[in-house]
Every structure is written in C-alpha cells, then in structure tokens.
Amino acid sequence: KQQTLLRFDTAGWRDRWSLHCDAEYGGSSTVELQQGEAEGEGTARFAGQTVTEIDSDNSSVSPETGKRAVYAGWAAMRTDVEGDGWDLKDFHGIRLRVRPDGRGYMLNLRTVGILGGEDVDIYQARMPLSP
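Predicted, not measured: the structure shown is a model, and the values here were computed from it.

(A) View of the environment of Gly26. With respect to the helices and strands, Gly26 occurs in the loop between β1 (17-21) and β2 (30-35). Separated by 44 residues in the primary sequence, Gly26 and Val70 place their C-alpha atoms 8.7 Å from one another.

(B) A look at the pattern of salt bridges. Tallied over the entire structure, the rule returns two salt bridges. Between Asp9 and Arg7 there is a salt bridge, with the nearest N and O atoms lying 2.8 Å from each other. Take Arg7: its relative accessible area is 35%, and that puts it in the partly exposed class. A salt bridge links Lys89 to Asp87, with the nearest nitrogen and oxygen atoms 2.8 Å apart.

(C) Inspection of the confidence of the model for the protein chain at higher detail. Residues at a pLDDT of 70 or more form 90% of the protein chain, whose mean pLDDT is 81. No element of the protein chain has a lower mean pLDDT than strand β5 (residues 104-112), at 84, and none a higher one than β1, at 93.

Cut-offs applied
Residue numbering note: each chain is counted from 1, following its sequence as written. Two thresholds apply to this predicted model, a pLDDT of at least 70 for residue-level local features and 80 or more for giving and counting side-chain atom pairs, whereas whole-chain, interface and lining totals are computed over all residues. In computing side-chain properties, one takes all heavy atoms of the structure into account and sets aside hydrogens as well as water. Note on conventions: DSSP H or I runs of at least 4 residues are helices, E runs of at least 2 residues are strands, and numbering of each starts at the N terminus. Here, a salt bridge means any Lys or Arg side-chain nitrogen found within 4 Å of an Asp or Glu carboxyl oxygen. Only protein chains enter the accessibility calculation, which uses a 1.4 Å probe. A residue is then buried if its area is under 20% of the maximum for its type, exposed if over 50%, and partly exposed in between. Residue-level confidence of the predictor, termed pLDDT, takes values from 0 up to 100.

Put into structure tokens, the structure is as follows:
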C-alpha cells in the first residue's frame, strides 16, 4: 500500500515550507526552494550554497538575531503536517524520491511523544546519496 503525502505542485505548496540555514546565526550559507523543472511531476529543487568557514571577527554575528555562528555549512527545509489528518497506522516506512548531488543528507521526523503532552520523539535517518 502506498500513499503520497507531500507534493510540490499543489496550490500553496511553497507556503507550507520554511527554509533555514546558518545565516540565521551569522553564517554565510544560502538556501532556496524552487518548483521542479518538470511540470506536473510534483517536484521541487532544494538549492543553495553551504559555507563551512566561520569568520573570527564580528561578521559571524547575525544582524537580525544577534546570535553568533558556532556551526556553519548547514541548510534545512521544514514543514508541519500536524493538521493534515494523516492516518499512517497501517504503514511501516517512508520512501523519498530524491535526485542525489553526491552529498549526504539527514531526514528528521518529529512526532508526538509516546508519553503525550508536550513531549516529542525525533527520529533521524542518514541519507548517504551518491550520483
């Protein structure tokens, strides 16, 4: 049994995703999310430039947050699916369709914790991709 959970060609698809990178903390990386090149395929392109160097002077302090970069060279995209009403109790895995660029990526999933309330459980999976 398969079910498509997220597509990148539905109305308002871009608004549901938030983009983050080390620039929020004074780093120099950039990130963007674009509609995929093939019309109608429901794809997106996560792109940008990761910069791993941290300046030793004050240029590594974010003017927006005043926070200083400690880790550099990261970018992320995030969405909240809590209100989507997914019923996944009969499913046992997740399949992602990605086009690799030779770098490894991490997939983080956060769910309501087994204790309920404000607790959350976070699951991580490495995605070592090679072209």
